[in-house]
Amino acid sequence: MKEYFKPLARFKKREHPFDIGMPFSWWRGHYDRHFLNNLYERKENEFEPFYKYHLKHFLEVNAGSQEVEFYRHLRDLIQDGIAILIKEDNPGSKTKHERTNIQKAQLRAFADYLNSIDQWAVRPRLEVYTEKDATIARLQNQIAELEKQISEMKEYDVVQKIRIEEGHLPTVIDLIQQLRDLQLPSGRKLLRCDHKTPYYKMISKYFSIDAKHIPIDTAKNYFSDKQNDIGVKGTVVPPENKLFKIVPDNPKKAVKKINKS
């Protein structure tokens, strides 16, 4: 019988945490149980070194053997271990049932690791096809959702953008910046937004200059997170482009209401 896993040397201290077995006499025919008991103690980030540790031992002590033989044996052992846990489970025992669920989850996680390194197509075709069908169904649902989102976004597309007279992008920027500062007679702001992105994205998406696209970075440079705070790459509206000023329809009435409030 081939030796698949590195056993703990008898009457010696454990030299490596991955070694299986007990320090005293134990029946080697139960190597599978000892291997699983060790596996239950491993974390998921130890699965790969755990696998390679025992693979190295298998190849060293079994001359002429190949990794695929070790892989098949190990995969069968894990599947058998899961089947035994299901068969021997005792839902009436709170402690045993909880331990069984933890062990099943560990073995299934390790089985997922083995599936991820299967370069020999060892898994049964039905299992592979089932997994592929599930993946296809998931991707189809994602595609349907993305198509729905694209369709909804197209509702905001326009056939023709609003054309700005050449050289007067800063003028439009100035007007939008004024809109950001306007206050109602109650003293509250007319427009409220904690971010600058809607303003410069709106300009880039819905406006053009002489039928030419306005790069989003160009519009972005005119806005800052804080008003009157121009960043390193910020752009200010030149005085000669500030051609209009938005004022209340009745400034005196507005001021009076503000004072009363």
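Residues numbered from 1 in each chain as written. Predicted model: local features only at pLDDT ≥ 70, side-chain atom pairs only at ≥ 80, totals over all residues. Heavy atoms only, no water.

1. Quick notes on helix α2 (residues 47-61)
Given 3.6 residues to a turn, an α-helix orients residues that are three or four positions apart in the same direction.
Stage number 1. If you check α2, its first and last C-alpha atoms are 22 Å apart, about what 15 residues at 1.5 Å a residue would give, namely 21 Å.
Stage number 2. Every buried residue belonging to α2 is among F47, F50, Y51, Y53, H54, L55, H57 and F58, and all of these are buried.
Stage number 3. Next to the buried residues of α2 lie α1 (31-39), α3 (67-88) and α4 (94-116). (Helix = DSSP H or I, 4+ residues; strand = E, 2+ residues; numbered from the N terminus. Expected span 1.5 Å × (residues − 1). Buried < 20%, exposed > 50% of the residue type's maximum accessible area, 1.4 Å probe, protein only. Contact = heavy atoms within 4.5 Å.)

2. Structural notes on the packing of aromatic side chains
Two aromatic rings, taken as a pair, are described by how far apart their centres are and by the angle between their planes.
Stage number 1. Under the counting rule described, the total for this entry stands at 17 aromatic pairs.
Stage number 2. Here the aromatic rings of F18 and Y53 are separated by 5.7 Å at their centres, their planes lie at 75 degrees, and the arrangement is edge-to-face. Here F18 is found in the segment before α1, whereas its partner Y53 is found in helix α2, with 35 residues between them in sequence.
Stage number 3. You can call F18 buried: its relative accessible area is 6%.
Stage number 4. Judged by centre distance (6.4 Å) and plane angle (75 degrees), the ring pair of F50 and F110 falls under edge-to-face. Linking F50 in helix α2 with F110 in helix α4, this pair joins segments that are 60 residues apart in sequence. (Phe/Tyr/Trp six-rings, centres within 6.5 Å; stacked < 30°, edge-to-face > 60°.)

Such coordinate-based values are descriptive only and should not be taken to indicate function.
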